[in-house]
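Chain by chain, the residues run as shown.
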Amino acid sequence: ELKVEQNPLFLSMQEGKNYTIYCNYSTTSDRLYWYRQDPGKSLESLFVLLSNGAVKQEGRLMASLDTKARLSTLHITAAVHDLSATYFCAVDRGEAAGNKLTFGGGTRVLVKP
Amino acid sequence: DAMVIQNPRYQVTQFGKPVTLSCSQTLNHNVMYWYQQKSSQAPKLLFHYYDKDFNNEADTPDNFQSRRPNTSFCFLDIRSPGLGDAAMYLCATSRETGRYYEQYFGPGTRLTVT
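Quick notes on the rules
- Residues numbered from 1 in each chain as written.
- Chains lettered and ligands numbered in written order.
- Predicted model: local features only at pLDDT ≥ 70, side-chain atom pairs only at ≥ 80, totals over all residues.
- Heavy atoms only, no water.
- Core = buried A, V, L, I, M, F, W, Y, C linked by side-chain atoms within 4.5 Å.
- Buried < 20%, exposed > 50% of the residue type's maximum accessible area, 1.4 Å probe, protein only.
- Helix = DSSP H or I, 4+ residues; strand = E, 2+ residues; numbered from the N terminus.
- Contact = heavy atoms within 4.5 Å.
- pLDDT = per-residue confidence, 0-100.
- Pairing = 2+ DSSP bridges.
- Axes fitted to C-alpha atoms, helices over the stretch in contact; angles between N-to-C directions.
- Buried area = accessible area lost by both parts, 1.4 Å probe.
- Salt bridge = Lys/Arg side-chain N within 4 Å of Asp/Glu carboxyl O.
- Polar contact = N/O pair within 3.5 Å; in protein donor to acceptor, adjacent residues only side chain to side chain.

Observations concerning the nonpolar core
One recurring pattern in soluble globular proteins is that nonpolar side chains are buried together. Counting 26 residues, the largest nonpolar core has A:Met13, A:Ile21, A:Leu32, A:Trp34, A:Leu74 and A:Tyr87 as its most contacted members. For this core, the secondary structure elements donating two or more residues are β2 (10-14), β3 (19-25), β4 (32-37), β5 (43-49), β7 (61-66), β8 (71-76), β9 (85-92) and β11 (107-112) of chain A. Apart from the residues within four sequence positions on either side, A:Met13 is in contact with A:Tyr19, A:Ile76, A:Ala79, A:Val109, A:Leu110, A:Val111 and A:Lys112. If you look at the next biggest cluster of nonpolar residues, it comprises 18 residues, including B:Val19, B:Leu76, B:Leu111 and B:Val113.

Considerations on the confidence of the model for chain A
Averaged over every residue, the pLDDT of chain A is 93; residues scoring 70 or more account for 100%. Per-element confidence in chain A is highest for β3(A), whose mean pLDDT is 98, and lowest for strand β10 (residues 101-103) of chain A, whose mean pLDDT is 92.

Description of the sheet that holds strand β3 (residues 19-25) of chain B
Residue and element names in this part refer to chain B. Spatial ordering of the open sheet is given by β1-β3-β8-β7, a layout of 4 strands whose pairing is antiparallel. At either margin of the open sheet sits one strand with a lone partner, and together these are β1 (4-7) and β7 (64-67). Between one strand axis and the next, the sheet turns through 20 degrees on average, direction left out of account.

Re the side chain of B:Ser66
Mapped onto the fold, B:Ser66 is located in strand β7. Exposure remark for B:Ser66: the relative accessible area of 12% places this residue in the buried category.

Side note on the interface of chain A and chain B
At the interface, 22 residues of chain A touch 22 residues of chain B. When chain A packs against chain B, the two sides together hide about 1,700 Å² of surface, and 50% of this comes from carbon and sulfur. In this structure, the connection of chain A to chain B is made through 2 salt bridges. Where A:Arg93 meets B:Glu57, a salt bridge forms, and the shortest distance between an N and an O atom there is 3.0 Å. Applying the counting criterion to the chain A and chain B interface returns 6 residue pairs in polar contact (both at pLDDT 80 or more). Sorting the residues of the side of chain A that touches chain B by element identifies β4, β5, β9 and β10 of chain A as the ones contributing at least two each.

Describing the sheet that holds β8(A)
Residues and elements named next belong to chain A. Read from one edge of the open sheet, 5 strands run β1-β3-β8-β7-β6, paired in antiparallel fashion. Bordering the open sheet on either side are β1 (4-7) and β6 (55-58), each of which pairs with just one other strand. Averaged over all neighbouring strand pairs, the angle between strand axes comes to 15 degrees, with direction disregarded. The pairing of β1 with β3 spans 4 bridges and is antiparallel. Across the sheet, Val4 pairs through a bridge with Tyr25, a residue of β3.

Observations concerning the pattern of salt bridges
Residues and elements named next belong to chain A. Scanning the entire structure with this criterion turns up 6 salt bridges over all chains. Notably, a salt bridge pairs Arg31 with Asp92, separated by 3.5 Å at the nearest N-O pair. With Arg31 in the loop between β3 and β4 and Asp92 in strand β9, this residue pair connects regions lying 61 residues apart in the sequence. When sorted by exposure, Arg31 lands in the same class as Asp92, which is buried.

Listed below in structure tokens is the structure:
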């Protein structure tokens, strides 16, 4: 059974500083998503990482995937208040499992002035 | 705009009273998913349809059923809601299953059970 663990579960950030969220998973997969969720809202897709070594960047967010280490990171550069949200990673279970997703537990981010 | 629509956005039902949540899509995608997300937890897949083929997750309670009468619509029926079924229910679609096909999420329906 695929297990996906995120850490930290909660991250209090100061504006202007850099932080990293980690997503570890237990079985082989080469496709991983990052989502953002605001309170009471649905999931907003941030990144889709499709291969080992994939790196994607959008604004202050950068995501990477190391399939050998079964690790993805979401790096936040110079945090701003607008980035306060919960961030989820989700791992594709593979074709045999119908490419269904297993989500990590989420990291709640609060950016303070 | 093509999209995934969920109705209602907020639903209140009584303990034990059947309730149906609705999802529709204008993307013409083959696959539709239902997720349950309890407060401060990750989304959990309940089941999905590939076209008319229904796929249940092993740990989805029998209390949850789904119908997909056509490509555009999918319904989640909760036969006898309990207090533990209060959650956000998310519908998602995907053109196909496969590593290159992304899931698109609807806005969700927040279910309250009184």
